[in-house]
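Listed here are the chains, written in short residue letters.
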Amino acid sequence: MGDVLAGFHAAWEFESDSVLIRYERGIRTPKLFQALGERRVPLDAIAGVTLTRGKRGTVVLRVEPRPGADPLMEAAAGQLKDSGDPYRLVLPADREVLAEYYADELRSLLTESGPAERFLVEPPKGPLSFKAYDGKASFDGRTVNFRWFWTGASSAKWKAGDQSFSVGELNGVEWRSPEVFEGHLRLLRRDESGAGAGAAAQADQDPAAVVFGLGYGPVHESLPFAAAVLAAVRTSSPVAAVSAAGPRRDPADIAERIRHLGELHQAGLVTDEEFSVKKAELLAEL
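Conventions used here
Residues numbered from 1 in each chain as written. Predicted model: local features only at pLDDT ≥ 70, side-chain atom pairs only at ≥ 80, totals over all residues. Heavy atoms only, no water. Helix = DSSP H or I, 4+ residues; strand = E, 2+ residues; numbered from the N terminus. Buried < 20%, exposed > 50% of the residue type's maximum accessible area, 1.4 Å probe, protein only. Polar contact = N/O pair within 3.5 Å; in protein donor to acceptor, adjacent residues only side chain to side chain. Expected span 1.5 Å × (residues − 1). Arc of directions from axis to C-beta. Pairing = 2+ DSSP bridges. Salt bridge = Lys/Arg side-chain N within 4 Å of Asp/Glu carboxyl O.

Undergrad: Can you tell me about the side chain of Lys157, naming the residues and giving the values?
TA: Secondary-structure assignment places Lys157 in helix 4 (residues 155-160). By relative accessible area, which is 0% here, Lys157 ends up buried. Engagement of the side chain of Lys157 in a polar contact is seen with the side chain of Asp134, the distance being 2.5 Å.

Printed below as a string of structure tokens:
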């Protein structure tokens, strides 16, 4: 079709095989939209189209993605607010007839329905990183790294040390919005089994999870991160686990970790044996 329909915060370009959504930049545009920039949604990733009345003299055109077609929506798992839904285009009510025309045109081109066998919408591009309450998460397309903050990480995470996970080790991602209580990002590993595997431990005690908080892990940073990891996991094959030793660390960083470990030991949060073992592990990384 090639036509463009502009609404609040986004413009949709209708092409022969896809809808190209370009998000505006500006202080009123949701930060998630700004982070995404643009998204090309193939027609075979769309299950349906709706047009409804919105608030304060608006109408809302929305494409319904097929389950399993978009890693972003799979990671979100229904937790996004309407205002943060990247598949909604809000328009003034006086453009309702035009919006209805495009909705009908789109419907006539749709041929697929039901769950998709693979992701059809491209995931957010990496490398990606964000600060959680208890650590920094980074992803380079192959490996997820968690580096703990001494001001926020639990003693359990300090005992475990910084973590690195190859996507081949992972089975999925659990994202709980930072806008709700106990928001977090948890990595689900392939060597775990059962529906509740990996979820028994509280996120603040689980070295495979980072915890969100006020100002930490906002949606526009942590959700694209989760989607990118999920997409990489779905397209990867199991690989050998990352060496526990990992790359050699900065001596100053090791010294700081030993100092903090000593504080935990003095406070009675780490036993003598745990202190000796962990200190030896840290020294071995030099």
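After that view, the rundown keeps rolling.
Undergrad: Now, about helix 7 (residues 272-284): what can you tell me, with residues and values included?
TA: The terminal C-alpha atoms of helix 7 lie 18 Å apart, and with 13 residues this matches the ideal 18 Å at 1.5 Å per residue to within 8%. Within helix 7, the full set of buried residues consists of Phe275, Lys278 and Leu282. Each buried residue of helix 7 sits inside an arc of 80° when the element is viewed along its axis, so together they form one side. Looking at helix 7, the residues exposed on the side facing more than 90 degrees away from the buried face are Asp272, Glu273 and Ala284.

Undergrad: Give a detailed account of the pairing of strand 6 (residues 58-65), specifying residues and quantitative values.
TA: Summarising burial for strand 6: 7 of the 8 residues are buried, a large majority. The turn joining strand 5 (residues 46-53) and strand 6, which pair antiparallel and follow one another in sequence, is formed by 4 residues; a positive phi near 50° is taken by Arg56. Direction of pairing for strand 6 relative to strand 7 (residues 88-92): antiparallel, over a ladder of 5 bridges. Counted as the bridge partner of Val60 is Val90 from strand 7.

Undergrad: Tell me what's going on with the pattern of salt bridges, and back it up with residues and numbers.
TA: Summed over all chains, the structure comprises 15 salt bridges. Note that Glu13 is salt-bridged to Arg22, the shortest N-O span being 2.9 Å. Here Glu13 falls in the buried class, since its relative accessible area comes to 19%. Take Arg22: its relative accessible area is 40%, and that puts it in the partly exposed class. As a salt-bridge pair, Arg39 and Asp70 come within 2.6 Å of each other at their nearest N and O atoms. Note that Arg39 is positioned in strand 4 (residues 38-42) and Asp70 in the loop between strand 6 and helix 2 (71-76), a separation of 31 residues in sequence. Accessibility classification places Arg39 together with Asp70 in one group, the buried group. Within the structure, one salt-bridge network assembled from shared partners comprises Glu174, Arg176, Arg186 and Asp206.

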